Amino acid sequence: MSKSIWFQSLSVDDFKDSSINMDKHLGIEVIEIGDDFIVSRMPIIEKTKQPYGILHGGASCVLAESVGSMAAALSMDNSKKYPVGIEINANHISSPTKGYIYAKAVPLHIGSSTSVWNIDITDDKGRRVCFSRFTALHKTYPKN
């Protein structure tokens, strides 16, 4: 059994009503948390498609940044720091038209001031849709 990378112990139930803003608008939800990964999913619906009826690449980037930001937040003491995305890249491999896409974030680096996350996005059949790398700055709250 591996040691958890998360700062605190959480379960999927802790995220049931946590979607806000863009995540809520696009239907993004956390579905699995392991000792060293987190998985979110997003439906392929009109809000996440481009005019040709296929998944919009920007929607894949939103999913990747959302799950990467959640992973970064879970890996630090949120009473002292919060994550801010500073870089994301994505390679779009396929163009699904229906179902869900799933983003699994795993750490490449977790430091005191930054973290880097590999995010693999797949479709309902486990086929790769996109792969992304997300970097978060671990920003310290300003002193009052």
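Residues numbered from 1 in each chain as written. Predicted model: local features only at pLDDT ≥ 70, side-chain atom pairs only at ≥ 80, totals over all residues. Heavy atoms only, no water.

**Digging into the pairing of strand 2 (residues 38-43)**
No. 1: Among the six residues of strand 2, five are classified as buried, and the element is accordingly described as predominantly covered.
No. 2: Note: strand 1 (residues 29-33) against strand 2, four bridges, orientation antiparallel. Within strand 2, the residue paired with Ile33 across the bridge is Ile38.
No. 3: Between the end of strand 1 and the start of strand 2, which pair antiparallel, lie four residues.
No. 4: Pairing of strand 2 with strand 4 (residues 100-110) involves six bridges; the strand directions are antiparallel. The partner of Met42 across the bridge, within strand 4, is Ile101. (Buried < 20%, exposed > 50% of the residue type's maximum accessible area, 1.4 Å probe, protein only. Helix = DSSP H or I, 4+ residues; strand = E, 2+ residues; numbered from the N terminus. Pairing = 2+ DSSP bridges.)

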